[in-house]
Amino acid sequence: MAVEDVERCHGRALWGPREVGLALAALVVMAVAVLVPAAIAAALLAQGGELTEDVGAMGALLGANVAVEALLLAVPLRWVMGRQGTLADLGWRWPRRGGLRTPLATLVGAYLALGIYVGALEAAGLEGLLPESSFPKVAFQEPSLAALVGVMALGLAPLAEETFFRGFVFEGLRHRWGLWWSALASGILFGLMHLQVGAMIPFSAIGVVFALAYAYSGSILPSVAAHMAFNSVSFGVMLATV
């Protein structure tokens, strides 16, 4: 059976491209409402110094990032539950095929996409466009900040981002746009969310891999597991190198 045919119509079509667009607009407005005051507070706490070197400033910014991740989870939950939907409509169900192979294959696919991108840039002499850590070193040098990063990167982010980008955006688009265009669109949105030029292309590709894992298995659990594993490696490397 082709990937396009797997679970394509398992949902009840509680939302579509229009609802996805409205949810994205609402999310952007709420994220700006959270991030702008946090940036102002961080600037005041840093007292003219570097935001990325001040513990208080970084705490404010990390707190805002946690709030945005919470919004990524709350928006689709509110939308779907308000229409008599369930968590299963957002992909929170046991995988219907693939078993443990799917998250492993998804993780390998994510690293393959990242490796191809890094290799292409290095071959072209464009190392300046390589993705960097989303968090400065001070976030790993201060125990309280490192714990906050860990909670967000290893727990909240995989749950929230997979629910929103795969369970809500991808699922809402594919009944109208089909598998591949929906996977690409949700992947690009996932890449743009990282707000880093060097990360947009590889994370867009990783988002496509995660969407295909969802389409194949009928569940977002494999992509959540792969996302957690991917972030765990990055988090461990940062802790080990600061």
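Everything here concerns the structure above.
How each quantity is defined
- Residues numbered from 1 in each chain as written.
- Predicted model: local features only at pLDDT ≥ 70, side-chain atom pairs only at ≥ 80, totals over all residues.
- Heavy atoms only, no water.
- Helix = DSSP H or I, 4+ residues; strand = E, 2+ residues; numbered from the N terminus.
- Rg over C-alpha atoms; globule rule 2.2 N^0.38 Å.
- Contact = heavy atoms within 4.5 Å.
- Areas by Shrake-Rupley, 256 points an atom, 1.4 Å probe, with all protein chains shown as cover.
- Lys, Arg positive; Asp, Glu negative; His and termini not counted.
- Charge placed at Lys NZ, Arg CZ, Asp CG, Glu CD.
- Core = buried A, V, L, I, M, F, W, Y, C linked by side-chain atoms within 4.5 Å.
- Buried < 20%, exposed > 50% of the residue type's maximum accessible area, 1.4 Å probe, protein only.
- Polar contact = N/O pair within 3.5 Å; in protein donor to acceptor, adjacent residues only side chain to side chain.
- Axes fitted to C-alpha atoms, helices over the stretch in contact; angles between N-to-C directions.
- Parallel < 35°, antiparallel > 145°, perpendicular 65-115°, else oblique.
- Left-handed = near helix turned anticlockwise from the far one by under 90°.

(A) Expanded view of the overall build of the protein. Counting its regular elements, the protein contains eight helices and zero strands. When the helices and strands of the protein are read in sequence order from the N terminus, they spell out α-α-α-α-α-α-α-α. A globule of 242 residues ought to have a C-alpha radius of gyration of about 18 Å, and the protein, at 18 Å, matches this closely. Each principal axis of the C-alpha atoms in the protein carries an extent, and together these give about 55 × 45 × 30 Å. For the protein, restricting intrachain contacts to residue pairs at least 6 apart in sequence, the fraction spanning at least 24 positions comes to 77%. A total of about 11700 Å² of accessible surface is found on the protein, and carbon and sulfur atoms cover 69% of it. Taken together, the 13 basic and 16 acidic charged side chains of the protein have centroids lying 16 Å from each other.

(B) How the structure looks around the nonpolar core. Ranked by size, the top nonpolar core spans 29 residues in total, and within it Trp 15, Phe 164, Phe 168, Ile 206 and Phe 230 carry the most contacts. At the level of elements, α1 (17-46), α2 (55-81), α3 (101-123), α5 (143-177), α6 (179-193), α7 (197-217) and α8 (221-241) are the ones that each hand at least two residues to this core. Counting residues per element, this core draws most heavily on α5, at seven residues. Residues in contact with Phe 164, not counting those within four places in the same chain, are Leu 24, Leu 27, Leu 72, Val 75, Pro 76 and Val 169. Counting eleven residues, the second largest nonpolar core, distinct from the first, contains Val 138, Ala 139, Met 152 and Phe 235.

(C) Region of the structure containing the environment of Ala 110. Mapping Ala 110 onto the fold places it in helix α3. Residue classification places Ala 110 among the buried residues on the basis of a relative accessible area of 1%. When neighbours within four sequence positions are excluded, Ala 110 is seen to be in contact with Ile 206, Val 209, Phe 210 and Phe 230.

(D) Structural view of unusual backbone geometry. Phi is positive for Gln 84, which is not a glycine, with a value near 65°. Phi is positive for Leu 195, close to 50°, though the residue is something other than glycine. Locating Leu 195 in the fold gives a position in the loop between α6 and α7. Owing to a relative accessible area of 71%, Leu 195 belongs among the exposed residues under this scheme.

(E) Main features of the side chain of Arg 93. Among the structural elements, Arg 93 can be located in the loop between α2 and α3. Looking at Arg 93, its side chain comes within polar contact range of the main-chain oxygen of Gly 218, at 2.8 Å.

(F) Spotlight on the packing of α5 against α7. With their axes 10 Å apart at the nearest point, α5 and α7 run at an angle of 70° to one another. The angle between α5 and α7 places the two elements in the roughly perpendicular class. Two packed elements cross with a definite hand, and for α5 against α7 that hand is right-handed. Packed against α5, whose contacting residues are Glu 162, Arg 166, Gly 167, Phe 170, Glu 171 and Arg 174, the element α7 presents Gly 207, Phe 210, Ala 211, Tyr 214 and Ala 215 at the interface.

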